[in-house]
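Here is what each chain is made of, one letter per residue.
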Amino acid sequence: MSFGASFLGGANSRLLPVSIPLRFFLLGLVFQAAGWAVLLTNAADLAGFNGGLGPVLAAVHLLTLGVLTMTAMGASYQFLPIVTRQALMRFWPARLSFWLVAAGVIILAYAMARLWPFGLDLGAGLVAAGLLIFVILTGDNLRRASGVPVVAAHGWLALVALSAVVIAGFLLISDFRSGGLGDHQAVAIFHMVLAIFGFMGLFAVGFSYILVPMFALAHVDISRAAWAQFLLSVFAIIGFLLGVQTHRGPLMIASASAGFIAAAIYIWAMWTSLRAGMRKRLGVSFLLIRVSWGFLLVGVFLGGAMVANVPVPNTPALFGFVVLVGWLLTFLMGVLQRIMPFLASMHITDKTGKPPLLSSLTPKRPLLVHAAFHFLAVGLVSVGIVVNSAILIRFGAASGLVAVAAFAVFSGHILVQLRKR
Ligand code: HEM
């Protein structure tokens, strides 16, 4: 089976109103700015962070729910119908899920920062309702996706993991309020590992098998590697969670090693697609995407090192930052700067009735500024965590804010072009 460019045939007929995916992407940008701002004002709390309520947990959920989940929702509402050749059931539930998750994230993050019990329940309830709609719509689409089994397998498991993450989230907040959870730490690790590698990780990896060959114009069969990576990832996630619940260190280390091999296979498959692709000059977006793959390997390695008690300073915070920001956020920003102009081009025609060139919808300077400051932010905050320096973390968070502002300029350019159509 070959992935990628072949999906585009007839894609126009399965396009959503452009306002639907864009609202998820743009609000994700606002939440990203909010996340960096919370870190900027609470920099001293990050290096020693090891779970628990407070501003850092609020920043974590602004990023995971507000940016990563929001963007995953917008992208899958738009791209799954193209990939599976099945139109979305209805548009209004997608819009409703946006408002529920948006309101829920604001309330939940505020309640986490301010230790507000009612807000925790209300925010979590709204988020869960919005995500339930997302799971139903996406599940319905995946159910009819027979042409891309390995992508569908990633999607299904990601949805199962998301459901388990939300249930564990409810257990954790009820435990903060009234206790009763036997082993809070084990449930917190279950929630975190499934959120990062089960839900967001499998989603990002599954989508890459479509998007990367599509952007590189590659016709290449990477399905065997994709299945090998998928099965190893499942073994790694389940094995790690079993190891945590039964306190078996060797099982956790073996699972982390399997996860590392799965990540390496995935990256190999991606390089194979890029090498086979007809489009070689992929620009700054693929610089971000390639660097994000490096952070994936570093992140899984750090996770294994943490379990094996290798003495890296402040490993829990460093691990969380490297996988959430270094890998997932960097990857997502790279993908976003490709799919936003691509989507816009499908809704705009020039005077001759043809779609505009993608390059005219992709202003380079804001993207270069974004990449420079994003990398600076990742570097400064990572070093700040290791050496326990609030000042470095503060400068890193400020750089992150500049990066978001540059990306907002890029997004503004696309919105202006869409308004002119
Ligand atoms: C209703 C939804 C959710 C609720 C109520 C919730 C609640 C929580 C709570 C209470 C913790 C702290 C655990 C502890 O240390 O005691 C936590 C941690 C975490 N959550 Fe969530 N969560 C939700 C959804 C999500 C989702 C969807 C994601 C990812 C997509 C996510 C990612 C994380 C991560 C990565 C951590 C670990 C933070 C750390 O300790 O480094 N959460 N969550």
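Presented here is a report on the structure given in the accompanying data block. (Residues numbered from 1 in each chain as written. Predicted model: local features only at pLDDT ≥ 70, side-chain atom pairs only at ≥ 80, totals over all residues. Heavy atoms only, no water.)

1. Digging into the overall build of the chain
The cut-off we apply is this: Numbered from the N terminus, helices here are DSSP runs of H or I no shorter than four residues, and strands are runs of E no shorter than two. Buried means the residue's accessible area, taken with a 1.4 Å probe over protein chains only, is under 20% of the maximum for its type, while exposed means over 50%, and partly exposed covers the values in between. We call two residues in contact whenever any of their non-hydrogen atoms come within 4.5 Å of each other. Where accessible areas are quoted, they stem from the Shrake-Rupley method and a 1.4 Å probe; at the residue level, only the protein chains shown are allowed to cover. Neither His nor the chain termini are counted; the positive set is Lys and Arg, and the negative set is Asp and Glu. To locate a charge, take NZ of a lysine, CZ of an arginine, CG of an aspartate or CD of a glutamate.
In terms of regular secondary structure, the chain is built from 12 helices and 0 strands. Helices and strands in the chain line up, N terminus first, as α-α-α-α-α-α-α-α-α-α-α-α. A total of 421 residues make up the chain; the buried ones form 57% of that total. Sequence separation of at least 24 residues holds for 81% of the intrachain contacts in the chain that already meet a minimum separation of 6. Total accessible area on the chain stands at roughly 17000 Å², and carbon and sulfur atoms take up 71% of it. Side chains of the chain give 25 positive and 7 negative charges; the mean places of these two sets differ by 18 Å.

2. Notes on the site of the ligand
Using the following cut-off: Think of it this way: one heavy atom of a residue within 4 Å of a molecule or strand is enough to make that residue near it. Whenever two N or O atoms come within 3.5 Å, that pair is a polar contact, provided that in protein one can donate a hydrogen and the other can accept it, and provided that, for residues adjacent in sequence, both atoms are side-chain atoms. We call Asp, Glu, Lys and Arg charged. Ala, Val, Leu, Ile, Met, Phe, Trp, Tyr, Cys and Pro are nonpolar, and the rest, Gly among them, are polar.
Around the ligand sit 24 residues, and of these Gly51, Gly52, His61, His184 and His191 come closest. Within the backbone of Gly52, an N or O atom sits 2.8 Å from an oxygen atom of the ligand. At a separation of 2.8 Å, a nitrogen atom of the ligand approaches a polar side-chain atom of His61. Elements with a contribution of two residues or more to the shell around the ligand: helix 2 (55–84), helix 5 (149–178) and helix 6 (184–216). Ranked by the residues each element gives to the shell around the ligand, the list is headed by helix 6, at 7 residues. Here the residues of the shell around the ligand are counted per class, giving 16 nonpolar, 8 polar and no charged.

3. Section: unusual backbone geometry
Backbone phi values are negative for most residues with the exception of glycine, while trans is the configuration of most peptide bonds. Residue Asn314 is not a glycine yet carries a positive backbone phi of 55°. Here Asn314 is to be found in the loop between helix 9 (283–307) and helix 10 (315–345). Judged by its relative accessible area of 23%, Asn314 is partly exposed. At Asn388, a residue that is not glycine, the phi angle is positive and equals roughly 60°. In this fold, Asn388 is placed in the loop between helix 11 (364–386) and helix 12 (390–420). Take Asn388: its relative accessible area is 54%, and that puts it in the exposed class.

4. Structural notes on the coordination of the iron atom of the ligand
Going by this rule: Only nitrogen, oxygen and sulfur atoms qualify as donors, provided they sit within 2.8 Å of the metal or within 3.2 Å for Na, K and Ca; with water excluded from the atoms, sites may seem incomplete. Just to be clear on the cut-offs, tetrahedral is four donors with all angles between 85 and 135 degrees, square planar is four donors and octahedral six with opposite donors over 155 degrees apart and all others between 65 and 115, and anything else goes down as irregular.
Within the protein, His61 (NE2) and His191 (NE2) serve as the donor atoms for the iron atom of the ligand, at 2.0 Å. Coordination at the iron atom of the ligand is octahedral: its 6 donor atoms span angles of 88 to 179° at the metal. In this pair, His61 is assigned in helix 2 and His191 in helix 6, connecting sequence segments 130 residues apart. Take His61: its relative accessible area is 13%, and that puts it in the buried class.

5. Let's talk about helix 11
Worth spelling out the cut-off: To estimate how far a helix should extend, the number of its residues minus one is multiplied by 1.5 Å.
With 23 residues, helix 11 extends 33 Å between its outermost C-alpha atoms, agreeing within 8% with the 33 Å of an ideal straight helix rising 1.5 Å per residue. Taken together, the buried positions of helix 11 are occupied by Pro366, Leu367, His370, Ala371, His374, Ala377, Val378, Val381, Ser382, Gly384 and Ile385. Asn388 occupies a position one or two residues after helix 11 and carries a positive phi of about 60°.

6. Focus: the packing of helix 9 against helix 11
Geometrically, a packed helix pair is captured by the angle between its two axes and the distance between the axes. Inclusion rule: Axis geometry follows a simple rule: fit a line to the C-alpha atoms, using only the stretch in contact for helices, then measure angles between N-to-C directions, giving values from 0 to 180 degrees. Here the angle decides the label: under 35 degrees means roughly parallel, over 145 means roughly antiparallel, 65 to 115 means roughly perpendicular, and every other value means oblique. Note on convention: near helix rotated counterclockwise from far helix by under a right angle means a left-handed crossing. Clockwise means right-handed.
As a packed pair, helix 9 and helix 11 sit with axes 10 Å apart at the nearest point and diverge in direction by 15°. Comparing their axes, helix 11 and helix 9 come out roughly parallel. Note on packing geometry: the crossing formed by helix 9 with helix 11 is left-handed. Taking contact as the criterion, the partners of Val284, Leu287, Leu288, Val291 and Phe295 in helix 9 are, on helix 11, Leu367, Leu368, His370, Ala371, His374, Phe375 and Val378. A class-by-class count of the residues in the contact of helix 9 with helix 11 yields 10 nonpolar, 2 polar and no charged.

7. Describing the side chain of Ser255
Take Ser255: it is sitting in helix 8 (residues 249–276). Only 2.7 Å separates the side chain of Ser255 from the backbone oxygen of Leu251, close enough to count as a polar contact.

8. A short note on the packing of helix 11 against helix 12
The geometry of helix 11 relative to helix 12 is characterised by a closest axis approach of 7 Å and an angle of 160° between their N-to-C directions. Taken as axis vectors, helix 11 and helix 12 run roughly antiparallel relative to one another. The element helix 11 and its partner helix 12 pack so that their crossing is left-handed.

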